[in-house]
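Below, each chain spelled out in residue letters.
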Amino acid sequence: MWTDEIISFLTEPSILQAVVALFLVSGIGMYLGKFSFKGVSLGLSMVFFIGIICSHFGLRVDSEILAFTINVGLILYVYTLGLQVGPAFIESLKKRGIVLNLWATAIIVLSIVVIVVLYLISNQSLPHLMGVLSGAVTNMPVLGASQEAVSGVLVHQGASQEVLSKTLAEMAMATAIAYPFGVIGVFIVIAILKTQVPRSGASAEEDDTVKTITKEYLITNSAVAGKTIRELMTLNTVPMLVSRIWREGRFMMPKSDTELQPGDHVLVVSEEEHHPKILLLLGEEAKGVRPGEEVIDWEAANESLASRRIIITRQEINGVRLASLDLRSRMNINVTSVIRAGITLLPSPSLRLQMGDRLSVVGKESDLKELSRMMGNELKELDTPYLVTLFIGMLLGCVLGAIPIVIPGISTPIKMGIAGGPLIAGILMSAYGVRLHLNTYITSSANLMIRTFGIVLFMAALGLSSGEGFFATLSQGPGLIWMALGTAVTVLPPLIIGYICMKWFKLSFSHTAGVVCGSMANPIALDYASTLVKGDTIAVSYVTVYPLTMFARVIAAQLTVGIIMG
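Residues numbered from 1 in each chain as written. Predicted model: local features only at pLDDT ≥ 70, side-chain atom pairs only at ≥ 80, totals over all residues. Heavy atoms only, no water.

(A) Layout of the nonpolar core. Within the largest apolar cluster, 101 residues are counted, with the highest numbers of intra-cluster contacts made by L81, I190, F458 and F509. In this structure, F458 is in contact with I70, G73, L74, Y179, P523 and I524, ignoring residues within four places of it in sequence. Core analysis: the next-biggest nonpolar cluster, separate from the first, contains 21 residues, L327, I333, L351 and M374 among them. (Core = buried A, V, L, I, M, F, W, Y, C linked by side-chain atoms within 4.5 Å. Buried < 20%, exposed > 50% of the residue type's maximum accessible area, 1.4 Å probe, protein only. Contact = heavy atoms within 4.5 Å.)

(B) Focus on the sheet that holds strand β4 (residues 265–271). Sheet architecture is open: 5 strands sit in the order β3-β2-β4-β1-β5, paired in antiparallel fashion. Of all the strands in the sheet, just β3 (250–252) and β5 (283–285) have a single pairing partner and so form its edges. Strand-to-strand, the axes of this sheet are offset by a mean angle of 30 degrees, without reference to chain direction. Here strand β2 (residues 240–247) runs beside β4; their pairing, made up of 6 bridges, is antiparallel. What sits directly across from R244, in β4, is L267. (Pairing = 2+ DSSP bridges. Helix = DSSP H or I, 4+ residues; strand = E, 2+ residues; numbered from the N terminus. Axes fitted to C-alpha atoms, helices over the stretch in contact; angles between N-to-C directions.)

(C) Molecular detail of the pairing of β2. Extensive coverage of β2 is indicated by the burial of 8 of its 8 residues. Bridge count between β2 and β3: 3 bridges; the pairing is antiparallel. Opposite R247, over in β3, you have R250 as the bridge partner. Hairpin connection between β2 and β3: a loop of 2 residues separates the two successive antiparallel strands, and E248 in this loop has a positive phi of roughly 50 degrees.

(D) A look at the packing of aromatic side chains. According to the stated counting rule, one finds 2 aromatic pairs in the structure shown. Taking the centre distance of 5.0 Å and the plane angle of 65 degrees together, the rings of W103 and F505 count as edge-to-face. Here W103 is found in helix α5 (residues 97–121), whereas its partner F505 is found in the loop between α18 (479–503) and α19 (509–519), with 402 residues between them in sequence. Over the face of the ring belonging to F509 we find K194, whose NZ or CZ atom lies 5.6 Å from the ring centre. (Phe/Tyr/Trp six-rings, centres within 6.5 Å; stacked < 30°, edge-to-face > 60°. Lys NZ or Arg CZ within 6 Å of the ring centre and 35° of its normal.)

(E) Representation of the pattern of salt bridges. Scanning all chains against the criterion turns up 4 salt bridges. Note that E285 and K215 form a salt bridge whose closest N and O atoms lie 3.4 Å from each other. One end of the pair, E285, is in strand β5; the other, K215, is in strand β1 (residues 212–219), and 70 residues separate them in sequence. The residue R308 makes a salt bridge to E365 at a minimum N-O spacing of 2.6 Å. Of this pair, R308 sits in strand β6 (residues 306–311) while E365 sits in helix α13 (residues 365–375); the two residues are 57 residues apart in sequence, bridging distant segments of the chain. Classification of R308 as partly exposed rests on a relative accessible area of 36%. (Salt bridge = Lys/Arg side-chain N within 4 Å of Asp/Glu carboxyl O.)

What follows is the structure, encoded as structure tokens:
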């Protein structure tokens, strides 16, 4: 019968059967994930739980294929995530990086405190609890580091090979039991923290993207008078752009050699946070020519000019410094802003242009047409991703993840792994690849598709590999105890620290959610949290804390085992 052949096909592991199983779990999970209950839905994470259910009811897939799929899916997800948030990550690292990493470290420390307390008050062994910790924080490197540390201690104590193998196997089982609830627990934490966001408080959801403003200043500082625009840039310590000058009743388009004079009204584009320094440099903020006179109509300056948005699509421009183009002197054109990956950047002279950058420019129509030809400005050139750089970046990420890092006092070298290496590579390629004239541009829609495809494959394979014997372990032996302890480790530390961050230190929900997901090494929860608010702030915060917390988790696990068992 054809039904027997279908059953045989689904139950006998093969390459085709594995592909069908992965696509089946992915499709059903994504479809069911769209449904919500009282406004709450599991989204793409439903794929993970469908995989567990299918595996429980007998769907078996070759373990090597699942391991390969887990690795490839995670690499696709984290690398494209790094590409997407790379520009914003650098700014976030400068502004909030230390603070966010301190809060993430606090979550790690509190997790270890909870484990030690559970060890003292329960009858569970430390190896079992370290396995629970690994699953509860969804961090497999923690399991590897813990097993290595436990092995060293047991061998030193003269334990037999049988005891050693049994202990390590039980640690892995404890991780498997705690892992699914480690995912769910972070969802619960994120949902609870979201309720702490004031309904009317927009300030609680600030964005890390650069906020550019345009303000009018009156030149009253004698130290500035007589200086050219070029000399002003050398005196200035903050990025700014003088886009217009009002002098003696007429508008001027400033060039690099234009001298400023006392009484000039200048229109300056800068980052919002730099306004006080610019005010101190130039003199005072102005609203018109003189008190009582009509406010200057800066829009009138554009009557003989045009404003355009030009997209860089020529490979020759990729990596070129804005200053080297000398657009002011050569073409009398001002670049007022640069938009990259949805982030507005100030057009400083040292800024290196990249493929896909959108330049907001002002100048004469004829000059803008010439600039358009110079930059390319052809959208169709961006439709096809530059796959060579994409694969090179992921390759470099895998190499980075495999490099062992030796830390004095720690017996096992630490590696960033496939979750950390490609993430760092994506950030570096996005932020600095242009210096090597590498074309790392990829459209937002293409990036989203690759990211989603990767995370769905990751969750489907992970669910299929975790479901076998899952419910049996829960109903027998210490499974339920491990699950309960794992839930406590998952929920309490991030919830306590997250509440303190938002309530007492006024950290936004976006930053807090990113710190929670990053410290728990949970890309599935990151995907869920990103659907709750607009912008990339959550993802930027995630990648800001992930590398350090990954190291901190591994080191903390080894130190805990060494101190207590040693």
